[in-house]
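# Architecture at a glance
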Amino acid sequence: MLVRRRQFLQSAAALGASLALPAVAAPIAASARKESRFELIPADFKVALDPASPVQTGVWSFNDRFPGPLLRFRRGDRASITVRNQLPQETAIHWHGLRVPNGMDGVPGVTQEPIPVGGRFEYRFDLPDSGTYWYHPHQASFEQVPRGLYGALIVEEDKPPRVDRDEVWVLSDIKLDERRQQVEDFGRILDIANDGRRGNQLLVNGLVAGPERKIAVRSGERLRLRLINAASARFFKLSIEGHAASIVAWDGQGLELPQTAPADGIVLGPGMRVDLILDCMEKPGGRFEIRESARPRSPAIVLGVIAYTAQPALRAKPLATPILVPPNVLPEPDLAKASDHYIMFQGGMRGAPTIGMVDGKPSRIQDIMARQGLAWTMNYNAQHEHALMHEPLLTLSRGEHVILHMVNETDFVHPMHLHGHFFRVVGINGVANPAREWRDTVIMAPRQSIDVAFIADNPGEWMYHCHILDHAAGGMMGTIVVE
Ligand code: C2O
Ligand code: CU
């Protein structure tokens, strides 16, 4: 099977040179592209998670910063990002949500060879879409991500909505012992087969969550708040005291109509992003909490506050300009001519016993959990990550209109992510979803079915996996080939 992978890598590399990005309606002439260069140096170092305490905590992150540096581009730019690996492990960096050519997608053993310890790799790709994205390793991601390897990546719109302030919050968690050092219990089968490994300390932009994490605003200002869930297993349910937030984008994709944020909170699964716009019309000096309440029977956790300065109001009425984020032009699937494909999910610690193929043999998953580290099946197959995978889950022809029916037969929630494409969420439990929003990651509740539609227009072998990274490591990871 490694031979098959190598052949694939070679043909993908040969293709790489001539590979065009998916078409967009407003193409940018090659001559107009600006190249933006960055260097990312993943390494092991110490940081202060709490600026009020002298304790330093060891993390793996980028460029001596935690989280990694914010990479900011304009739509249409060409990114050139050199990664120099100073970690004690091999790695490869994935640009979550970006429609890049397959060879730039950062999946070791599938789209590239891993970057060896001390090695380097240059990622070069065009940026056809604006929005809020992030980057993280795809090598042993159940370990490398929670150790701290993640950062935000923003692609600015040609005409962004007018705001006074644009804030990015990278939300995550970390598992600390009593000395405030990381607990190194990555890849335990107990986490793989359950809800995944969660930290015991929530973080906002790499600092301990709490009322000290402030977004300072002046009364009357319009705020754009970009939220990224970089946690490896934790869901966030977010609410903002005293303010009506409008959701203007999911996973970087501007909505045709802004949505009012639900009163009980916005649910953000691992990997997902949301862009909010808020008119801050309260009085100078006011403080309003931003809270997380994903655990139903636990008290809400304060992540931070919107802190009004003492300055007099900037304006008495909210800005009248529209809050719309101009949508990207994504290839529109035609449901009438789409082909149907099914993915069935089974397994996990609870629920019915599951039989699946493991290394070519039908096995009772519950019996081999401890031995193989696998706990989940997709279409009755439990596979190890990346280079050890046997066969793609699906093979689609280039240009095919696709409806992917995902059937969750487990008692667990799974944020499912597809690389290289955006999809519209067209059905929930067999009922049409009127919002039909574009996403790259969609939440599949326990026992729920979700239908997504897209055009398979980006050639290559693409990862399709649960973004609870312990689930991905435990069998809930496969590939979809577009040929
Ligand atoms: Cu955010 Cu396959 O990853
Ligand atoms: Cu999952």
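Residues numbered from 1 in each chain as written. Chains lettered and ligands numbered in written order. Predicted model: local features only at pLDDT ≥ 70, side-chain atom pairs only at ≥ 80, totals over all residues. Heavy atoms only, no water.

## Some points on the domain arrangement of the protein chain
A common way to express how large an interface is: the accessible area buried when the components associate. Quick note on the threshold: What marks off one domain from the next here is an automatic or database domain assignment. Only heavy atoms matter for contacts: two residues are in contact if any of them lie within 4.5 Å across the pair. Two parts lose some accessible area (1.4 Å probe) when they are put together, and adding that loss for both gives the buried area.
When its domains are assigned, the protein chain resolves into domain 1 (2–156), domain 2 (165–308) and domain 3 (335–482). Taken together, the contact between domain 1 and domain 2 spans 29 residues of the former and 32 residues of the latter. Together domain 1 and domain 2 conceal approximately 2400 Å² of surface at their shared face, both sides included; 60% is due to carbon and sulfur atoms. Per-residue buried area on domain 1 facing domain 2 is highest for Leu49, Thr132 and Pro146; these three make up 26% of the total on that side.

## Quick look at the sheet that holds strand S15 (residues 236–240)
Put simply, the rule is: Strand pairing follows a simple DSSP-based rule, namely that at least 2 bridges must link the two strands. In this description a helix means any DSSP run of H or I spanning at least four residues, a strand means any run of E spanning at least two, and both kinds are numbered starting from the N terminus. Here an angle of 0 to 180 degrees is reported between the N-to-C directions of two axes, which are lines fitted to C-alpha atoms, with helices fitted over the stretch in contact.
One open sheet accounts for five strands, arranged S13-S21-S20-S15-S18; its pairing is mixed. Unpaired on one side and paired on the other, strand S13 (214–217) and strand S18 (266–268) mark the two borders of the sheet. Strand-to-strand twist in this sheet, taken as the mean axis angle between neighbours without regard to direction, amounts to 25°.

## Remarks on the nonpolar core
Quick note on the threshold: The set of buried Ala, Val, Leu, Ile, Met, Phe, Trp, Tyr and Cys residues whose side-chain atoms join them within 4.5 Å is what this entry labels a nonpolar core. Summary of the burial criterion: residues with accessible area below 20% of their type's maximum are buried, those above 50% are exposed, and those between are partly exposed, where the area comes from a 1.4 Å probe applied to protein chains only.
Counting 39 residues, the largest nonpolar core has Phe345, Leu404, Met406, Met416 and Tyr464 as its most contacted members. Take this core: its biggest share by element is four residues, from strand S34 (residues 449–456). Formed jointly, this core draws a minimum of three residues from each of two domains, domain 2 (165–308) and domain 3 (335–482). Excluding its chain neighbours within four sequence positions, the residues that come into contact with Met416 are Phe345, Met378, Met406, Phe423, Asp440, Thr441, Val442, Met444, Tyr464, His465, Cys466 and Met476. Counting residues in hydrophobic clusters, the runner-up holds 30 residues, among them Leu227, Ala245, Leu278 and Ile306.

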